[in-house]
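Chain by chain, the residues:
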Amino acid sequence: MTSDVRVDAAVVGGGMVGLCTARELARAGRTVALLEADRIAHGVTGHTTAKLSALQGLAYSRIRKARGDDAARQYAESQQDAVTYIRHLTERLGIDCDLEAAAACTYAADAVGDDDLRVEADAARAAGLDISYTRETTLPFPAGAAMWLADQAQFHPRKFLLGIAADLLRGRGRIWERTRVTHLSEGPPCKLTTSAGHTVEATDVVVATHYPVFDRGLLFTRLEPVREVVVAGPVPTDAHIPEGMFLTEGSNTRSFRTAPHAGGRVLIVAGEKFIPGDPKDPGAAWHFQVLTEWARRSFPGFAVTRRWATQDTFSTDHVPYVGRLHPRAEHTYVATGFGGWGLSGGMAAARLLTARVVDGSAPWAELYDPVRFRPSTEGLKALRLGARTAKHFVADRLPGGFADSVEDIAPGRGAVLRGGGAGPQAVHRDASGRLHRVSARCTHLGCIVHFSEAEGTWECPCHGSRFDVDGAVLEGPAVHPLEPHDEEGEEGSGT
């Protein structure tokens with residue numbers, strides 16, 4: 001098949017990493033094609049809480065423990081460089097994206113967490129960040145110690161990326177939305193094939209799809225998908241909400257900041273993390289309720305007017321994977337595993353990948369190299385992730401994971417039913433009573449999906465793929481929809 005498009009570089013994915021990488025490559029003189037399965041700046045990036053900060057929870061003590069002082073220093077340099085560069089681009093390109101200078105604060109929820117915070121402050125200072133540590137906070141609720149990093153920023157990521165996209169199109173770049181890439185041939189030259197059968201030929205390819213849709217380096221064994229809920233609402237006129245971007249970690253993560261909205265301010269509160277599709281988790285609706293109750297207690301008068309969930313991937317050593325797609329790759333690259341910090345991390349990845357493509361080398365390349373694997377620091381977590389995936393692959397096929405018949409499925413809900421020789425089926429009953437039936441096997445690696453009532457989606461607990469009730473892919477790594485399921489001849493269908 002001859003190619004429909006021929007460019008120097010092709011980027012798969014239109015979020016923070018994809019758009020920034022495409023723009024950097026175009027400004028370096030490359031012809032660039034960016035291919036996005038949905039709409040640019042719409043997926044994970046469009047649902048982030050939008051903090052730009054080199055202070056990232058307890059990152060530096062974790063990196064220091066796993067990789068050493070030099071790795072923590074390089075990570076701090078790359079993240080602060082990204083924050084500075086985003087502010088520079090916003091000003092130079094005249095992007096109206098509600099950019100505001102803000103201090104970042106990590107605080108301990110209570111005195112029990114003060115020791116961890118002190119260790120983090122020491123590690124962050126050793127990494128080169130100008131950290132202040134205090135036992136006094138301006139928070140409107142009881143808390144432990146806090147650490148601060150001044151001169152960070154917050155912004156509207158979608159507005160920023162639409163400005164980046166406009167600059168890409170002014171240069172040597174082109175964008176194709178609603179274009180799902182389903183196959184990669186590494187060449188040379190590399191060739192991408194879309195679900196519609198079109199092809200793009202490129203010297204270099206960057207896979208920037210959040211969770212890699214092409215994973216020839218087996219990164220899925222070292223990536224953990226995590227979903228998190230967010231609530232937002234107008235700031236009450238008499239509310240006491242301190243200025244800054246706040247985060248506390250642990251089993252009860254809470255993150256909050258305010259942002260300009262409709263002539264006033266809106267409070268954005270995040271937290272309540274869970275594994276998507278985990279049948280043992282109480283579900284997104286429960287997490288929304290818990291987070292909402294916390295926000296109302298913490299900020300009297302606060303009323304939720306918007307809510308959503310977002311998803312991220314976590315690496316095994318707290319540093320993203322940015323670089324070669326696999327050990328023998330020469331012209332294919334990947335960026336993933338940002339652990340909730342995909343804005344500063346995404347720009348750092350874009351600058352690193354551009355340097356790799358243009359110059360053949362890049363600062364911090366060894367730190368972020370996806371090919372790295374250190375059994376002493378990553379092995380235990382990788383084994384745990386593998387065991388959890390294997391458990392879902394087997395246990396979710398046992399009888400306890402299935403409903404008996406469609407009569408057991410109430411309107412607005414979904415369940416997995418046995419489907420005879422055709423295999424398990426994922427069945428959703430909509431508000432009108434109509435049934436939507438698709439295969440329950442995730443098209444990524446075959447795990448059984450589970451239904452999220454709060455979001456009305458099918459989710460894979462193994463690697464985080466998400467589908468709508470008719471099987472269309474909402475989030476990868478799956479690139480193919482859940483297969484339609486023929487209800488005729490089903491066992492226990494109840495029809």
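Here the structure is shown first, and the text comes after it.
Below you will find a few notes about this structure. (Residues numbered from 1 in each chain as written. Predicted model: local features only at pLDDT ≥ 70, side-chain atom pairs only at ≥ 80, totals over all residues. Heavy atoms only, no water.)

The next subject is the pairing of strand β4 (residues 100-107). Where β4 and strand β6 (residues 146-154) come together, seven bridges link them in antiparallel fashion. Bridging across to β6, Glu100 finds its partner in Gln154. Of the pairings in the sheet, the one linking β4 to strand β12 (residues 245-248) comprises three bridges and is parallel in character. Bridge assignment links Thr106 to a residue of β12, and that residue is Leu247. (Pairing = 2+ DSSP bridges. Helix = DSSP H or I, 4+ residues; strand = E, 2+ residues; numbered from the N terminus.)

Another aspect to go through is the sheet that holds strand β19 (residues 425-429). Pairing is antiparallel across the open sheet formed by three strands, whose spatial order is β18-β19-β20. Because the sheet does not close on itself, it has two edges, and the strands there are β18 (413-417) and β20 (435-439). Neighbouring strand axes in the sheet, compared pairwise and without regard to direction, differ in orientation by 20 degrees on average. Two strands pair when backbone bridges link them, and β18 and β19 are joined in this way by five bridges, in the antiparallel orientation. Within the sheet, the bridge partner assigned to Arg413 lies in β19 and is Arg429. (Axes fitted to C-alpha atoms, helices over the stretch in contact; angles between N-to-C directions.)

Following the criterion strictly, the structure yields one disulfide and no others. For Cys447, the disulfide goes to Cys462, at an S-S distance of 2.1 Å. Between Cys447 and Cys462, the S-S dihedral sits near -95 degrees, and the bridge is therefore left-handed. In this pair, Cys447 sits in the loop between β20 and β21 (450-452) while Cys462 sits in the loop between β22 (457-459) and β23 (466-467), placing the two residues 15 residues apart along the sequence. For the pair formed by Cys447 and Cys462, the shared burial category is buried. Cysteine Cys20 is unpaired, with the sulfur of Cys97 as its nearest cysteine sulfur at 11 Å. (Disulfide = S-S within 2.5 Å. Buried < 20%, exposed > 50% of the residue type's maximum accessible area, 1.4 Å probe, protein only.)

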